[in-house]
Each structure stands twice: as structure tokens, then as C-alpha cells.
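Spelled out, the chains give:
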Amino acid sequence: MKNEDLIEMAVESMKKAYSPYSGFRVGAVVVTKSGKIFTGCNIENSSYGLTICAERVAIFSAIASGERDIEKLVVVADTPEPVSPCGACRQVMSEFGDFEVILANFQGKHTITKVSALLPYAFKLKR
Ligand code: THU
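My aim in this report is to walk through the structure given alongside it, one point at a time.

Reading the values: the criteria
- Residues numbered from 1 in each chain as written.
- Predicted model: local features only at pLDDT ≥ 70, side-chain atom pairs only at ≥ 80, totals over all residues.
- Heavy atoms only, no water.
- Helix = DSSP H or I, 4+ residues; strand = E, 2+ residues; numbered from the N terminus.
- Contact = heavy atoms within 4.5 Å.
- Near = heavy atom within 4 Å.
- Polar contact = N/O pair within 3.5 Å; in protein donor to acceptor, adjacent residues only side chain to side chain.
- Areas by Shrake-Rupley, 256 points an atom, 1.4 Å probe, with all protein chains shown as cover.
- Nonpolar A, V, L, I, M, F, W, Y, C, P; charged D, E, K, R; others polar.
- Pairing = 2+ DSSP bridges.
- Axes fitted to C-alpha atoms, helices over the stretch in contact; angles between N-to-C directions.
- Salt bridge = Lys/Arg side-chain N within 4 Å of Asp/Glu carboxyl O.
- Buried < 20%, exposed > 50% of the residue type's maximum accessible area, 1.4 Å probe, protein only.

Quick word on the side chain of Thr79
Then step 1. Here Thr79 is to be found in the loop between strand S3 (70-77) and helix H3 (87-95).
Then step 2. Setting aside residues no more than four positions away along its own chain, Thr79 makes contact with Phe24, Asn105 and Gln107.

This is the structure in C-alpha cells:
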């Protein structure tokens, strides 16, 4: 699927956001190496710290379906510039590889980057 179509799909996911506290909606799409697609939106909570970002919902959905090989992640919000993922989501991304990440806005403006560029020197548990 083309990046433009994936961004469109992320916009559709974004419309499902539950964000009554911030009013800020985010959508995400994960494409796995096996060709499957998982979507996510941000889901807020009245206990604010329990909020989960769209990126993590999409990634966790893929993992919970047994799909660990991620090819790319698309994230979109209605922002002037392509939305940039939070630090917590960057750390979660780095757990599952150095895949492509497409940051986009509503107008379809997008930046193509990758996990290691978003989070250099990521924490890895070595015991
Ligand atoms: N949010 C995301 O979904 N992804 C990000 O990368 C940054 C922030 C959400 C969390 C919260 O619901 C709202 O945006 C405002 O922070």
C-alpha cells in the first residue's frame, strides 16, 4: 500500500480518538512485514496519566495479534507540521526494531524517518 493511502487510513483511525481532555486527536497505522495492518488512536482517561498514545495502541495491537516484525509506522495529527511522536512512544518503537516511521499531518505533508533517528542511544535492557 502506498504511503498516501496509509496516511489516509491513519486519518480515519484518528477520527476514532477518545480525547475529551486535550481535544487533540492522533491516528496511527502499523504495517507488518507480513503485510498486515493495525490501527490506533489516542485514548485518554480522566486520570490523565493513564492516557495512551495512538502509536502505542497500534504497536500493541500488532504485538497482541502475534505480529512482531514491523515494517513501518504512520502517525498523523491535525498539526501545521507533521506530528512528532512522544518520547515514551519512541522507546516502545525501539523495542520492536529500527523500522520506517512516517510523520504526517492532515494536509498530507509528511516526513519519512526511522526509529533510530527518532531515538538515538535507545535504552536496551542487557543483563
Ligand atoms: N499523543 C499521541 O497520541 N501521540 C503522540 O505521539 C503524542 C501525544 C496524544 C496523547 C494525548 O491524548 C494527546 O495526544 C495530547 O497529548
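What about the site of the ligand?
Then step 1. If you check the shell around the ligand, you find Ser22, Phe24, Val26, Asn42, Glu44, Thr51, Cys53, Ala54, Glu55, Pro85 and Cys86 and nothing else.
Then step 2. Side-chain polar atom of Asn42 to an oxygen atom of the ligand: 2.9 Å apart, as the coordinates give it.
Then step 3. In the environment of the ligand, an oxygen atom lies 2.5 Å from a nitrogen or oxygen atom belonging to the side chain of Glu44.
Then step 4. Out of a free accessible area of 370 Å², the ligand has 79% covered by protein chains.
Then step 5. Split into classes, the residues belonging to the shell around the ligand amount to six nonpolar, three polar and two charged.

With respect to the sheet that holds strand S4 (residues 100-105)
Then step 1. The five strands are arranged S2-S1-S3-S4-S5 in an open sheet whose pairing can be described as mixed. Only two strands of the sheet have a single neighbouring strand rather than two, namely strand S2 (37-41) and strand S5 (110-114). Across the sheet, the mean angle separating the axes of adjacent strands is 15 degrees when strand polarity is ignored.
Then step 2. Relative to S5, S4 runs antiparallel, the two being bridged by five bridges. Along S5, the bridge assignment pairs Ile102 with Ile112.

Some thoughts on the pattern of salt bridges
Then step 1. Under the counting rule described, the total for this entry stands at five salt bridges.
Then step 2. With a shortest N-O distance of 2.9 Å, Lys109 and Glu81 are connected by a salt bridge. Here Lys109 is found in the loop between S4 and S5, whereas its partner Glu81 is found in the loop between S3 and H3, with 28 residues between them in sequence.
Then step 3. Assessed through its relative accessible area of 42%, Lys109 is described here as partly exposed.
Then step 4. Take Glu81: its relative accessible area is 46%, and that puts it in the partly exposed class.
Then step 5. One salt bridge connects Asp98 with Lys114, and the closest N-O pair in it is separated by 3.9 Å.

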